[in-house]
Amino acid sequence: MKLQAQGLGEFEAMVTALESIHRHRKASPTTPSDELYYELISHYNRRILNARAEAKPLVGATVYVPNELLYAMDMVPMVMENVAVTFSIIRGAQEGMLNTAKGYGLPPEVCSNHRVMAAFFLNGWAPPLDAVVWTHVLCDNTAKLGEAVADICGAPGFFLDRPYRDSGPGVDYLAGELQKMALFLEGVTGRNLDGDRLLAALDCSHRMVQLQQEVDDLRQQVPSPVSNRKIYQMLFIHWLYSGSPEGVRFYQVVRDELREQTGPALPPERTRLLSLFVAPNYDWKILDWMEREHGARIVGDPYHCHWGPWEHDPSRPLWSLAGKLLNTPACKQLHGPVEGFVADALQDAADFKADAAIYWAHTGCRQACGAIRTVKDALADVGLPLLVLDCDITDPTFVSAEELKDRMEAFFEMLEERAE
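What this report covers is the structure whose coordinates are included nearby.

Parameters and conventions
- Residues numbered from 1 in each chain as written.
- Predicted model: local features only at pLDDT ≥ 70, side-chain atom pairs only at ≥ 80, totals over all residues.
- Heavy atoms only, no water.
- Core = buried A, V, L, I, M, F, W, Y, C linked by side-chain atoms within 4.5 Å.
- Buried < 20%, exposed > 50% of the residue type's maximum accessible area, 1.4 Å probe, protein only.
- Helix = DSSP H or I, 4+ residues; strand = E, 2+ residues; numbered from the N terminus.
- Pairing = 2+ DSSP bridges.
- Axes fitted to C-alpha atoms, helices over the stretch in contact; angles between N-to-C directions.
- Contact = heavy atoms within 4.5 Å.
- Salt bridge = Lys/Arg side-chain N within 4 Å of Asp/Glu carboxyl O.
- Polar contact = N/O pair within 3.5 Å; in protein donor to acceptor, adjacent residues only side chain to side chain.
- Parallel < 35°, antiparallel > 145°, perpendicular 65-115°, else oblique.
- Nonpolar A, V, L, I, M, F, W, Y, C, P; charged D, E, K, R; others polar.
- Phe/Tyr/Trp six-rings, centres within 6.5 Å; stacked < 30°, edge-to-face > 60°.

## Some words on the nonpolar core
Note that soluble globular proteins tend to have their nonpolar side chains buried in a common cluster.
No. 1: Judged by nonpolar contacts, the single largest core of 121 residues is most densely connected at Phe 120, Phe 121, Met 290, Tyr 359, Trp 360 and Met 408.
No. 2: For this core, the element with the highest residue contribution is helix 10 (residues 228–241), accounting for nine residues.
No. 3: Listed in part, the 30 residues of the second largest apolar core include Val 59, Leu 69, Met 181 and Phe 184.

## A word on the sheet that holds strand 4 (residues 157–160)
No. 1: With parallel pairing, the four strands of this open sheet are ordered in space as 2-1-3-4. Of all the strands in the sheet, just strand 2 (76–79) and strand 4 have a single pairing partner and so form its edges. Sheet twist, expressed as the average angle between the axes of neighbouring strands with direction ignored, equals 25°.
No. 2: In this structure, strand 3 (residues 131–135) lies alongside strand 4, joined through four bridges in parallel fashion. Residue Val 133 lies in a different strand from strand 4, and its bridge partner there is Phe 158.
No. 3: Lying on the sheet, helix 4 (residues 80–90) is in contact with strand 1 (58–61), strand 2 and strand 3; it crosses strand 2 at an angle near 60°.
No. 4: Against the sheet, helix 8 (residues 168–189) touches strand 1, strand 3 and strand 4, its axis set at about 170° to strand 4.

## Considering the pattern of salt bridges
No. 1: Following the criterion strictly, the structure yields 28 salt bridges and no others.
No. 2: Its salt-bridge partner being Arg 255, residue Glu 214 comes within 2.7 Å of it at the nearest N-O pair. Taken together, the residues Glu 214 in helix 9 (residues 195–219) and Arg 255 in helix 11 (residues 245–259) connect sequence positions 41 residues apart.
No. 3: Arg 259 is the salt-bridge partner of Glu 214, the closest N and O atoms lying 3.3 Å from each other. Of this pair, Glu 214 sits in helix 9 while Arg 259 sits in helix 11, and the two are 45 residues apart along the sequence.

## Notes on the environment of Thr 394
No. 1: With respect to the helices and strands, Thr 394 occurs in the loop between strand 8 (386–391) and helix 19 (401–419).
No. 2: When the C-alpha positions of Thr 394 and Leu 273 are compared, they lie 22 Å apart, and in sequence the two are 121 residues distant.
No. 3: Look past the residues within four positions of Thr 394 in its chain and what remains in contact with it is Val 85, Ser 88, Gln 94, Ser 112, Asn 113, Val 116, Asn 281 and Tyr 282.
No. 4: A polar atom in the side chain of Thr 394 sits 2.3 Å from the side chain of Asn 113.

## Here's the deal with the pairing of strand 7 (residues 356–362)
Here is the key point about a regular strand: its side chains alternate between the two faces of the sheet.
No. 1: The element strand 7 is extensively covered by neighbouring structure, given that seven of its seven residues are classed as buried.
No. 2: Bridge count between strand 5 (residues 271–276) and strand 7: four bridges; the pairing is parallel. Bridge pairing links Ser 275 to Ile 358 in strand 7.
No. 3: As paired strands, strand 7 and strand 8 are joined by six bridges and run parallel to one another. Bridge assignment links Ala 361 to a residue of strand 8, and that residue is Asp 390.

## A few points about the sheet that holds strand 5
No. 1: The four strands lie next to each other as 6-5-7-8, forming an open sheet whose pairing is parallel. Each having just a single partner strand, strand 6 (296–300) and strand 8 make up the two edges of the open sheet. For this sheet, the mean inter-axis angle between neighbouring strands, taken without regard to orientation, is 35°.
No. 2: Against the sheet, helix 16 (residues 338–351) engages strand 5 and strand 7, with an angle of about 165° to strand 5.

## Quick look at the packing of helix 1 (residues 9–27) against helix 4
No. 1: Relative to each other, helix 1 and helix 4 sit at 75°, their axes nearing to 10 Å. Considered as vectors, helix 1 and helix 4 are oriented roughly perpendicular to each other. For the pair formed by helix 1 and helix 4, the contact residues are Glu 10, Phe 11, Met 14, Ala 17, Leu 18 and Ile 21 on the first element and Val 83, Thr 86, Phe 87 and Ile 90 on the second.
No. 2: Broken down by class, the residue content of the contact of helix 1 with helix 4 amounts to eight nonpolar, one polar and one charged.

## Some thoughts on the packing of aromatic side chains
No. 1: Within the structure shown, the criterion is met by 18 aromatic pairs.
No. 2: Seen from their ring centres, Tyr 64 and Trp 239 are 6.4 Å apart, and the 90° between their planes marks the pair as edge-to-face. Of this pair, Tyr 64 sits in the loop between strand 1 and helix 3 (67–72) while Trp 239 sits in helix 10, and the two are 175 residues apart along the sequence. Here Tyr 64 matches Trp 239 in class, with each residue buried.
No. 3: Taking the centre distance of 5.3 Å and the plane angle of 75° together, the rings of Phe 277 and Tyr 303 count as edge-to-face. Taken as a pair, Phe 277 in the loop between strand 5 and helix 12 (285–294) and Tyr 303 in helix 13 (residues 302–305) lie far apart in primary sequence, 26 residues in all.
No. 4: Accessibility expressed as a relative area gives 9% for Phe 277, which makes it buried.
No. 5: The exposure class assigned to Tyr 303 is buried, which follows from its relative accessible area of 3%.

Here's what the structure looks like:
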């Protein structure tokens, strides 16, 4: 099924709106990293819109398809989930896009991120893609939705397979898959993989991981200097800009900013939270409300920040890149076994001195929701209360922001009573 293209006016409108947000942040500054975040988000989408005019191949990719390979081939990556969800939020189009996906045959049980991604392309709102690469590095929905997008767009496609274990043979297998991906893109575009550019991209990725770990060390302070919203800004920049100087720059600005925010200058902190999985992306104001009204600061989030032992080896770039993918936060936890995620959650709860935890139970994610009971029991064994919040990551009609606040309000009151 392919719907008639509607042109790029809607995409242009989204980019223009993002650029307007950036200008507003620049005129009314909050923090340097906040202004830079909106600059980078608008620039990322403008670059997608300009790819054809600049004679650069545009590659649609599902989340965690490695940017590093695409940068090394002078291509423009488009993380399809992020772009489609950003479009749905900026344009207020969630309901219409979810209805389009339903007409295509995608039921509510499918992750809403991927349903709006399918609708984004069905409606013809994306620039023409030269190729589509998808993987199940993070989520099993992508194994079929990437294929669907390639079919909708009539673009050549490649599925990047991954093993389920970070082992010697597993890393070798994934390195071989990355080689196949490069050969596929060379055949489609005529552009060769540049070894020097790949090493430069890997150096940027390695530096971003180091900076994130420095930020995590700063988060262990009491009170923590990292705002709830900043966590998700860092996650989005990680998705969009891994392997780039822009990504390094953003993480450096965040790190330097946090070093200056210490002691009495920080907002009051009454509850230190462990955050499990992803808060609804359609309303980050919930995160601000938690801080402002209840002094609830997210200090640890293993799905975003708990890296495995990535060995960066410039002498074997594809092997090094494979190791990074297998040890990236969320990728390694969601692919199991669940005992590894439990261990990460317990370690973060201790390291970040958490008082309680919130599990964002996104209805469309089988992997994340399947771990809830095991994680809840493990945290209970160490005396850490866990609030399970049923929600949807992109669909605001599933549970409203006000309903989520009501649940959290009762939870925070219970924690305050326990502390008395």
